[in-house]
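Listed here are the chains, written in short residue letters.
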Amino acid sequence: MLRNKSDARLLDNRLQAIADELNQLNENGVTSFVRQRLDRISPGRESLGNENAMGTSWTKIYTEAGIALLILFAACFNYINLTVARALSRAKEVGVRKINGAKRAHIFAQYVVESVLLSFLALGFAWAVLSFIIRYAPFNDDYEFIPSSFYYNIRFVAWSAVYALFAGLVAGSAPAWMLSAFKPLAVLKNLSTARILGRAGIRKTLIVFQYSLSLVLIIFLFAFFKQFSFMSAADPGFKREHVLVVPLGELDADITAQRLRGISGVKAVGASSANFTKHFSGMAMPVWKTVKDDAINLSYYDADVSFLSLMDFELEAGRGFPEEGGNKERYLLLNGKAAQAFGFAKPEDAVGEELWVNDSTQLQVAGVLKDFNYKGSGQQIEPLAFRSRNDAYTNLYVETAGGDAVGVQQRVEAALTDLHGGHPATVSWLSDVLDQRNSQSATLSLLGFIGFIALVVATLGLLGQVIYAVEVKRKEIAIRKVIGADSFRLVSSLSSGFIKVLFVAGLIAMPIGWLLATLFLQNFPIKANFTLLNLLMCFLFLLATGLFTIVSQTYRAAIAKPVENLRLE
């Protein structure tokens, strides 16, 4: 922390002097220092990794902002569609106003102001929704998607207002330009012959884009959900059911374990420093066979004999920790990856070997455990060891009989409360901890929220197109009905073009969604089976939504009484 008005270049000079001193002794490289503002750590560049901040990156922010802008522009296009569709009932008003002396600028300003006012109403609604998101944090996971320290301020309100003004101008300018260009004689004589929205191909292309975007999001969301559901249910390689995790805190492991063993419903109790959360909670140490320069940085937990048998770890070679007295540590257990890292061709070759864990301590490999997912199913299994130091245990793992789970938990918590001197104690079920470790409920909620918005926007765009088509063809529908056309034929005729648009969107989006889903699944060592049937299910969901939107409007037009649409002819 620099003093006020201090020149940061003085710090740079001093750091460079320190680096120069170090480099006089350094034969293996060059040391240098780079100064960075504390508030520039996160979001930070990808090269920093954000290890000390656990925050997001600019790449994620730009991606989220890009998706938001895509949805915004799609919504603006929908507003244009719906506004122009409504203009079929307001066009005569425009014609009369022009005959009475209104200039094109007056009509243009009216429609733009209406759009901006609607945009600011939407901004108020968005602030209300954001208040709930800030309070209940549905999208917060390992990091705060919206910081809990966030509060409304002048800068945020001002930029929100500018954003709303921009959206209103973008959405309102195009329909205002088109509608203010109406010629009074044309719209008063026969509006249905006036070309309002231009070429139908452009409109349908935008609808295809909207539905393609929605379908891609739905496919990716489905793959995301299926993968993390699969990971949550995957076998971690150890016992996960009917096991309570008891944090020790200041309690003595032996005394607490002895007390818990006497509780009805408790089968076994083991002690360990393991905490199977989303991030590795153990320690690491350099371990070598003969030459220290060849040391491997090995992650490890501490555990006693009871913990290893209670958790049903599978041995590939050797045995677990032997029952022995004394506090002197003598043995070490490796997992399969660690045995390979030390160059042992087979697990059996590692058993009995001596490994150095510091300059004065050698430990014998008692056995090799089969690899298990100690960091979560979504991460690669890395070399791991178990040590057995009595003073390093932080948790007790309590195996229960599996009957009265609630009763056993209450009895365990009551016993711990007594040991804590009356202070309430909390325990957790290992199965719940593992489900939470693999859960991505916050990210899933966010993707679902974005997918829902994109689908609603696309559906509203399609609704605007259908309403416009029905309004333009209302008299044609009435005449065809008078000469004998039935409702089914009329609905089929009006809907066929829009249904083709949905299939085109599906043909475009399904390969893209499949590619994105496949690339996403490549990030995991174990993958869910995402099949073509899943892809088809996503498309059928989108198709059903589109069909309901189309048919609901075309059927209303088909059953309308012809006299209502022909009485002025």
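Residues numbered from 1 in each chain as written. Predicted model: local features only at pLDDT ≥ 70, side-chain atom pairs only at ≥ 80, totals over all residues. Heavy atoms only, no water.

With respect to the helices and strands, tyrosine 152 occurs in the loop between α3 (104–136) and α4 (154–180). Leave out the neighbours within four places in its chain, and tyrosine 152 touches Trp127, Leu130 and Ser131. Within polar-contact distance, the side chain of tyrosine 152 engages the backbone oxygen of tryptophan 127 at 3.0 Å. At 3.3 Å, the side chain of tyrosine 152 and the side chain of serine 131 are in polar contact. (Helix = DSSP H or I, 4+ residues; strand = E, 2+ residues; numbered from the N terminus. Contact = heavy atoms within 4.5 Å. Polar contact = N/O pair within 3.5 Å; in protein donor to acceptor, adjacent residues only side chain to side chain.)

When two helices pack together, their arrangement is captured by the angle between the axes and the distance separating the axes. Two elements in contact, helix α15 (residues 487–521) and helix α16 (residues 532–559), have axes separated by 9 Å at closest approach and are oriented at 155°. By the angle between their directions, the pair α15 and α16 is classed as roughly antiparallel. Considering how the two elements wind past one another, α15 and α16 form a crossing that is right-handed. Residues Ser487, Leu490, Val491, Leu494, Ser495, Phe498, Ile499, Leu502, Phe503, Gly506, Met510 and Trp514 of α15 pack against Leu532, Leu535, Phe539, Leu543, Gly546, Leu547, Ile550, Val551, Thr554, Tyr555, Ala558 and Ile559 of α16. In the contact of α15 with α16, the residues fall into 19 nonpolar, 5 polar and no charged. (Axes fitted to C-alpha atoms, helices over the stretch in contact; angles between N-to-C directions. Parallel < 35°, antiparallel > 145°, perpendicular 65-115°, else oblique. Left-handed = near helix turned anticlockwise from the far one by under 90°. Nonpolar A, V, L, I, M, F, W, Y, C, P; charged D, E, K, R; others polar.)

In this section: the pattern of salt bridges. Overall, the coordinates contain 13 salt bridges when judged by the stated rule. Among the ionic pairs, aspartate 7 bridges to arginine 9, the shortest N-O distance being 2.9 Å. Taking relative accessible area as the criterion, arginine 9 reaches 59% and is therefore assigned exposed. Its salt-bridge partner being arginine 389, residue aspartate 302 comes within 2.8 Å of it at the nearest N-O pair. A residue pair is termed long-range when its members are at least 10 positions apart, and aspartate 302 in strand β4 (residues 296–302) and arginine 389 in the loop between β9 (384–387) and β10 (395–400) qualify at 87 residues. What makes aspartate 302 buried here is its relative accessible area of 2%. (Salt bridge = Lys/Arg side-chain N within 4 Å of Asp/Glu carboxyl O. Buried < 20%, exposed > 50% of the residue type's maximum accessible area, 1.4 Å probe, protein only.)

All right, on to the sheet that holds strand β11 (residues 428–429) then. Read across the sheet, 4 strands follow the order β2-β10-β1-β11 without closing on themselves; strand pairing throughout is antiparallel. Looking at strand neighbours, the two that pair on one side only are β2 (266–272) and β11, the edges of this open sheet. Pairing geometry for β2 and β10, over 6 bridges, is antiparallel. Directly across from serine 272, in β10, lies its bridge partner asparagine 395. On top of the sheet, helix α11 (residues 405–419) reaches β1 (243–247), β2, β10 and β11; it is set at about 20° to β1, its chief contact. (Pairing = 2+ DSSP bridges.)

Quick look at empty space enclosed by the protein now. All told, the structure shown has 1 cavity of 30 Å³ or more when counted by the stated rule. If you go around the largest cavity, the residues you meet are Ile71, Ala74, Gln210, Leu213, Ser214, Ala454, Val457 and Ala458. Here the residues of the lining of the largest cavity sort into 6 nonpolar, 2 polar and no charged. (1 Å grid on protein atoms, 1.4 Å probe; cavity = no way out; pocket = protein on both sides within 12 Å on 5 of 7 lines; lining within 4 Å. Points joined across faces, edges and corners; volume = space filled by probe spheres on them.)

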